[in-house]
Amino acid sequence: MEVPSWCLAILWLAVASQIALCASSADQCVWYGVCASPAKGKDKNCPYSGPPKVLKEQQQGAEALQILRKQCPWMYEGESTQTCCDHRQLVTLAAGLSELGSLFGACPTCVYNFRRIICPYTCARNQSAFMRIDATQLFNETGTPRKAITNVTIAVNQTSLQTAYNSCMNTALNGKYSVDILCDNLKGKRCPEKVFWYLFGHSSSSPFVLSITSDRTATKGLMLEDTSSIPCTQAAPQHFYACPCQTCPARKDCQSKPVHHDTHSQRFVIAIDGVVFIMGVLFIGFLFIFAIFLTYTNVSARSLPESVRFETVEGDGFFLFSKIEEVGNKLRRLIDVMLNRWCLFCATNPIKVLVFSLAVAAVLCGGIATFKVITDPVKLWSSPTSRLREQKNIFDQNFSPFYRTQQVIVTLADDVPALFDRFDEATSPDLPVCDDGSVQNYTLSQLFRRAILERVLDLQDALEAINVEVDSRNVTLEDICFAPLSPDNKKCATETVLQYWQNNRARLKNQTMDLFSTCIETSYIDHFMECSRNPLQPVSKHDGLALPCLGDYGGPAYPNVVLGGYNGVSYPDATALILTYLINNHVNETDNAAAEAWEEQFLDIVENFNRTVSFYSESMCDQFPECDNNTSIVTTELRFAYSAQRSIPDEVSRESKSDILVIALSYTFMFAYVAVCLGRVSFSNPTILLIESKISLALAGVLIVLIAVAASVGSFSYIGVEATLIVFEVVPFLVLAVGVDNLFLMVQALQRTSLNAEPDVAVHVGRVVASVAPSLTLSALAESVAFFCGALSDIPAVRSFSLYAGLAVVLNYSLQMTAFIALLSLDACRQASGRLDIVFCMTSKKSMYKALTQDGAPGFLSRIIENIYAPALFHRFVRPVIVTGFIGAFCMSVVATTHLSIGLEQTTAMPQDSYLLPYFGNLSRYMRVGAPVYFVVDGEYPYDNTSYGGRICSTGGSCQQNSLSQQLYRASQDPETSKIAQPPLSWLDSYYQWLAPSTGCCRYKTVTDVNGSSIEMCNPTDTDANCTDCLSSTVPTQRDFDRYIHAFLESNPSQACALGGHAAYGSALSFVPSSVNNSIKASYFMTYHTPANDSTGFIEALESADKLAKSMTKAINYPGVTVFPYSVFYVFYGQYATIVKSAIINLSISTVALFTVSYLMLSLRYRQAFLILTTVWMIIVDVMGVMYLWDIKFNAISLVNLVVAMGIAVEFCVHIVCTFSNSKNGSRLCRAREALTTTGSSVFSGITLTKFGGVVVLVFTKSRLFQVYYFRMYMAIVSIGAAHGLIFLPVLLSYIG
C-alpha cells in the first residue's frame, strides 16, 4: 500500500522538526506550530528558535500528550514533557505513523525504527543540534503575512538509516514490497539515501525541500543524530518477537530453502537417452535372434525332402497344448454350427427377419428424442468424482465461482515507431512541454500518446454504456460486475491503465503550466510515471497534479496487470494496454443469462469499434503519407485482440457448424465409394452391369450402419447417459470402418462362389455368409469389448464415446447378421433371376447372364493381389526385410512415444478464422502475470488460537518458519521452479496487522442505549477521545479475534488505514452458518502464477501448486483440515496429471479383453491370439510415434482416437488371422498367402480405401482441431493399420503363424 501524500507531509514535518536556527543551545527548537496551510499544499511549520514548551500547557495539550505517549513513548516524561511540536503537528504525525504501520506492520522492528527516526525530527527538544532552516517564505492566507519554512537540512547518522532500511526492505503489502513503494519502484534500486531524498526532499506533498546529509563539512557543525536503529533480527521494545522470516530472511532460522524435485528429468546411459539405449539394445538383440531363426529354418528346410519341405505339423507339439486345441476345435465347431443355423434362418426368412430387426432398431432409435449433449467443458473433460472437480465445487460453494473474464489487448500497427520522447507530446503545436530543464524527460511507448489513451477510453465508455434487456429488465455493467467495495462503492473493478485517472477524461487532460502559461510543466505522463511506480497511492505525491492513483472502484491498477510487452519493470516501454472486466459468476448457469447477454454486446462493440486514431507529432510526421506537414497530424490504427467468457464455447460451436459441410462430404464420399465398389463391374459386358451392381444393397448396408449408430444414441438416451460432440463426429466414422469391411467380406465371399452352386439361392447365401461369420463375430466381440473397457476411463468425454461406440459396434453386428443377411438373400435372388439393380421390376435375358453366374471368379482386385502383390511380398528376400523394418519402426516409435507432449492448446480448438487466435497469441506475447491461484484451507480450523494461527501466518511471534504463508513466500523467491510469481495476500497476516495498536486501524468505543451497552467501531481518522485500541497488547486473544473479524472484513482501505480487508478479503472467508464464535470453515490465500504460454506451462503450474499444498497440509497438521490449490484452469488441465496412467490402464484392460476374446474364438489357439494382440499394439505404438513426428499432443481427444485405432487395428488383423487359422493349405507360407489373397482385397477395399477417401476430404476443413486430431491421426491410423494388416501380419504368419 502506498503512503498517502498527506502522510508523507506529516513525516516531513517530523523530519523537518530538527531544523536549527541557533545551534548554540542543546535544547532549542527550530519550529513550533503551523503558520500556513496552502490550498494545494501541506501545512507549513513556523520557524521558532526558542526553548521547547511544556506540551500539556498548550492548546489541547492533554490530548497532544496522549498522542505523544502512544506514538513516541520514549519521549514521554510525564506531565512536564517538553517538545518542539504542538497538538496539530502531533495529529499529523500520528496519521503518518499509522500509515507507516499499515505499510510496514508485518515487521514490528521496521515500524519501531521508523518511529525512532520520525519522532525526534518532529518533536525533539534539541532539534537545533541536528537540524537547520535554509529558507523561509511569506504566506498571506488570513491577511497577515507569516513566515513559514520551505527548505531544511538534516544531519543524519548513515548507519542508523542503513540499519532501518535493511530492516524494512523485505516487508510486503498486498503482494508488493513496501520499500519498493517508498522508493517509487525506481527500476528496483533500493538505496536508503534515495528513499529519504525522494520521499522527503522532492515530494510535492512535502511541506519543504529537504537536504539529507551525513557530511560533517556540509552540516557546518550540526550533530549527526543517532536514532539507535536495530536490525530486523531483534525484537523491538514492547514486542515479544522479531520480524518473521518473510520480512527478515537474515534470521538464522530462516536460511533453509524449499527443495524442488524435478519430476521430468530424463535418465541417461553413457550420455544416451535411457529409452533410446534400451530400445537400441533390444533391436540389436532382435536382429541377432532373427538371424539365428532364419539360418535355422533355411538349414532345416534344405535337410527335408522337397515333398514335405514346406509342410507344417498341426498343433504346438506339447501334450497340454494339443489337448487345449482339441477342446478349442470342439468349441469352434459348436460356434460354426450355431452361426450356420442362424445365417440359414435369416437368409431363408428375409422378410420376417428384416421387419423384426428394423422394428427393434426403430424402438431403440426412439430414445433420440430425449438425448442430451454435454457442451460444458468442465463436465466434458473433468470427472465429477475427480479430485480437482471436487475442489472446484468446494471453492464455488464457499467463495462463489471465479469471475467471468472479458479482456481486450490493445496494440499498435507494426509500422508505428516503438517509442516517443515526452517533448514530442503536446495538446497542440502552440503549447509545448517546457524544455528549460525544469521538466524531466521520459521516453515512452507510442501507446501512451494521450490521443491513443482517449481512444481507448472511448471504447471503455462504449462498453460501460451497454444496456441489454434480459427477462424484461435492463441490465448494465454495474448490475453484473465485480465491485469489491460494494455497497459503499458500486464501481466495477475494471482493470485498465486509465484507472490511474479514474477513467475520467478531464483528469487525463489535467496539466500544470509554467508561471507564464507558455509551456507544460506536468501532465498525464508525469502522473503515469508516478502511478506505475506506486499504484497504491491514494494521492500522487510527486507529479504536482495531486490526483489519486487508485481506480474509481477504490482498488489499484497494478502495472503488471494492465500493461504488457515490457521487460523487467520498464512500464513506459509497454507495447500493449490490457483492459479486463470482471463479472460475477454463478454456480447455476441460468443465473448467468444476464452476463452472457452483456458479453454478446461486448463482443459486437469491440469488433465494430472504430480503431483509427490521430495524434500530433512532428518527429513522426515524415513517416506517414497521411501526415500533413503543416499540421503534423499522424493517423494510425489500434489493434484489438479480445475475448469474453462465452467466446470459447461460441467459437467451438461455430467451428462444429462450419465443418458440417466438410464432414458431410467425407461421409458422402465413403457412401458413394461403397455403393460403386461393393458390386462387380464388368466392362466386357455392359448389358449385365446393372444386374451385378450392388448399389441398392450398398446403400442399404450403409443405412444399417447409420441405424446402428442412431440406435446406440437412443439406447443410452433412454437411461440418461449424455452424449458429446465426439460421438457424432467419430462414432459414425468408426462404425463405417467396421461395418463397411463386413459388407465387403460378405458380398465378396458370395461373389467368389456361383449362385447356381445350390438349387436354393437363399440357402446358398446362408451357407456362404456362415463361412465368414466367425471372423465377423470375432471382430465385433473384440472391438466392442475393447471399447467397453475404454469406458472405464474417468474422463467423461472418453467414457461417453467408448460406451456409445461399443454399443454401436454390437448393434451394427446384430443388424448385419440379421437385416443385412436378409437383404443379401433378397439381392442374390434378384441377381439370380436377372432383375436389374435399383429398377427391380425390369429383367434381363437369363441366357445372357447364365454363364456369368456359373464361375464365381475372383474380382479384379483379388487377382491383382493373388498374381502380383502376394508373390512379391512373400519373396524369400523380401520377408526378412519387412519384419526387420517394421520391428525397427516399432522401436523408434517407442522412443518417440516417451517424448510426446501432453495437453491441448486452446488455439488448436479454434477455427482458423477465429478472432480468438490473435488474442491467444497476444496473451503469450504480452502478458507479464499469470492466473490467480488460491490456496484453500478446507475444514474448520482454530484460526483464533494464536498457536494454531502460527501454522498459517507469517507476521507474528507465534508464526512458524514452515507456515503456509512462509512456504508461499519462499516459493515466490524461486518463480522459475515454483511457478509462484509473488508473495501471497494473507488475510490472517493483514488481520493481525489491522488489530495491532501501532496501525491505529482497529479502534472502538462503548455506546449505551435502552438495550444496554455495546461496542461501535471507530473510523481510523476519528478523533473521538472515547475511541480505544482494540488490543491492549500485540497478541490478540481468542475473544479479540472472534470479536473483530467481521469488522475487519467490512473495513474499506483508506488513507488512514490501508489494511482494511473489505476489498482484498471480503470473500476470502467462509463461516460456519449460525456459528456463535464465528467459526471459519474455509478460507483462501491468493497469489499469482507465473505466465503460462502453453499446455506444458499450465500443467507444470498445477503440479507445482499441488506439491506446495501437500507440504502446507503437512505443516498445518490438523484433523479434518487440508490445503488445496485452485485456479480457474486447473479443472481443465488436471486430467493430464493422470491421463498417461489412465491410458495405460485402460488400454491394458482392453488388451487383456482382446486377447481373451481372440483366444476363445480362435479355437483356443494362443499363438494366433498373441499375433493379433502383437500387431494391434504395434499399430497403436506406431500411431503414437507418428503423433510425435506430426506434433500431435497427447490428450483426451487423442486418447479417444487411440481407442478408435485399437478397434480399426482389430479389423485389419482379425479377418486375415481367421482365414489363416481356417486354411487347410498345408505350410504356414501357403496359408498366409491364401489368407492374404482371400481376405486382403476385402480389407483393402472395405477399410483402407473407404477410410482413406473419407479422411483426405478432412484436409479442407477450417478447423485446426479436425486437421490435427482427425485428418492427421486418422490418416496415420488407416495407413499404419493397412501396412500392418496387409504387409507385416501376413509375413509374420508365414514365419510363426
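Summary of the structure given here. (Residues numbered from 1 in each chain as written. Predicted model: local features only at pLDDT ≥ 70, side-chain atom pairs only at ≥ 80, totals over all residues. Heavy atoms only, no water.)

## Digging into the overall build of the protein chain
Here is the rule: Where helices and strands are cited, they refer to DSSP runs of H or I of at least four residues and of E of at least two residues respectively, numbered from the N terminus. When accessible area is computed with a 1.4 Å probe and restricted to protein chains, residues below 20% of their type maximum are described as buried, those above 50% as exposed, and intermediate ones as partly exposed. In what follows, residue pairs with any heavy atoms lying within 4.5 Å of each other are defined as contacts. Surface accessibility in these figures is a Shrake-Rupley result with a 1.4 Å probe; residues are shielded only by whichever protein chains are displayed.
The helix and strand tally for the protein chain stands at 44 helices and 29 strands. Evaluated residue by residue, the protein chain yields a buried proportion of 57% over its 1297 residues. Sequence-distant contacts in the protein chain: of pairs separated by 6 or more residues, those separated by 24 or more amount to 75%. Counting only carbon and sulfur atoms, one obtains 58% of the accessible surface of the protein chain, whose full area is about 52,800 Å².

## Thoughts on the pattern of salt bridges
Any two side chains of opposite charge can pair if their charged atoms end up close together. In plain terms, the rule: Any Lys or Arg side-chain nitrogen found within 4 Å of a carboxyl oxygen on Asp or Glu counts as a salt bridge.
Summed over the entire model, instances satisfying the criterion amount to 17 salt bridges. Residues Arg646 and Glu600 are paired through a salt bridge, measuring 4.0 Å at the closest nitrogen-oxygen approach. Separated by 46 residues along the polypeptide, Arg646 in the loop between β22 (633-643) and α20 (647-658) and Glu600 in helix α19 (residues 593-608) bring together distant segments of the chain. Given the relative accessible area of 21%, Arg646 is considered partly exposed. Overall, the relative accessible area of 42% leaves Glu600 in the partly exposed class.

## What about a nonpolar patch on the surface?
For clarity, the cut-off: Patches were defined on residues exceeding 30% relative accessible area and lacking a salt bridge, with like-charge contacts within 9 Å and nonpolar side-chain contacts (Val, Leu, Ile, Met, Phe, Trp, Tyr) within 5 Å.
Taken together, the side chains of Phe277, Ile278, Val281 and Leu282 make up a nonpolar region of the molecular surface, amounting to roughly 350 Å² of accessible area. In this fold, Ile278 is placed in helix α9 (residues 274-303).

## Quick look at the state of the cysteines
Which entries qualify depends on this criterion: Note that a disulfide, as used here, is simply two cysteine sulfur atoms within 2.5 Å.
Within the structure shown, the criterion is met by 12 disulfides. Disulfide partner of Cys29: Cys84, at an S-S distance of 1.9 Å. One quick way to see it: the torsion about the S-S bond of Cys29 and Cys84 is about -80°, and its sign makes the bridge left-handed. Remark: Cys84 occurs in the loop between β4 (82-83) and α3 (87-104) and Cys29 occurs in the loop between α1 (5-16) and β1 (31-36); sequence separation between them is 55 residues. Take Cys29 and Cys84: they sit in the same class, and that class is buried.

## A few points about the packing of helix α30 (residues 878-897) against helix α41 (residues 1166-1189)
Definition in use: The angle between two axes is taken between their N-to-C directions and runs from 0 to 180 degrees, where each axis is a line fitted to C-alpha atoms and a helix contributes only its stretch in contact. For this classification, under 35 degrees means roughly parallel, over 145 means roughly antiparallel, 65 to 115 means roughly perpendicular, and everything else is oblique. Each crossing gets its handedness from the near helix: less than a right angle anticlockwise from the far helix is left-handed, clockwise is right-handed.
Contact geometry of α30 with α41 gives a least axis separation of 8 Å together with a crossing angle of 55°. In terms of orientation, α30 lies oblique with respect to α41. Relative to α41, the crossing made by α30 is left-handed. Between α30 and α41, the contacting residues are Phe886, Ile887, Ala889, Phe890, Ser893, Val894, Ala896 and Thr897 on the first element and Trp1177, Met1178, Val1181, Asp1182, Met1184, Gly1185 and Tyr1188 on the second.

## Re helix α17 (residues 524-533)
Side chains that are three or four residues apart share a direction in an α-helix, a result of its 3.6 residues per turn. Most of α17 is tucked away, with 10 of its 10 residues classed as buried. For α17, every residue scored as buried is listed here: Tyr524, Ile525, Asp526, His527, Phe528, Met529, Glu530, Cys531, Ser532 and Arg533.

## Describing the sheet that holds strand β29 (residues 1122-1126)
The line we're drawing: Between any two strands, at least two bridges found by DSSP are needed for them to pair.
Within the open sheet, the four strands sit side by side as β27-β28-β23-β29. Their pairing is antiparallel. Each end of this open sheet is capped by a strand with a single partner; those strands are β27 (1069-1071) and β29. Averaged over neighbouring strand pairs, the angle between their axes works out to 15° when direction is ignored.

## Quick word on the sheet that holds strand β26 (residues 1028-1029)
One open sheet holds the three strands; their spatial order is β25-β24-β26, and the pairing between them is antiparallel. The open sheet has two edge strands, β25 (1012-1018) and β26, and neither has a second partner. Here strand β24 (residues 1003-1009) pairs with β25 via seven bridges, running antiparallel. In the sheet register, Lys1005 faces β25, and the bridge partner there is Glu1016.

## Digging into unusual backbone geometry
Across the junction of Ser486 and Pro487, the peptide omega takes the value 5°, indicating a cis bond. Tracing the chain through its elements places Pro487 in the loop between α15 (477-480) and α16 (505-508). Although it is not a glycine, Asp1191 adopts a positive phi angle of roughly 55°. Along the chain, Asp1191 falls in the loop between α41 and α42 (1196-1222).

## As for the environment of Tyr1130
Going by this rule: We define a polar contact as two N or O atoms separated by no more than 3.5 Å, with the added condition that, inside protein, one atom must be a possible hydrogen donor and the other a possible acceptor, whereas residues neighbouring each other in sequence contribute only through side-chain atom pairs.
Secondary-structure assignment places Tyr1130 in helix α39 (residues 1130-1133). Filtering out sequence-adjacent residues up to four positions away, Tyr1130 remains in contact with Leu388, Val933, His1089, Ala1101, Leu1102, Ala1105 and Pro1125. Polar contacts involving the side chain of Tyr1130 include one to the side chain of His1089, which spans 2.6 Å.

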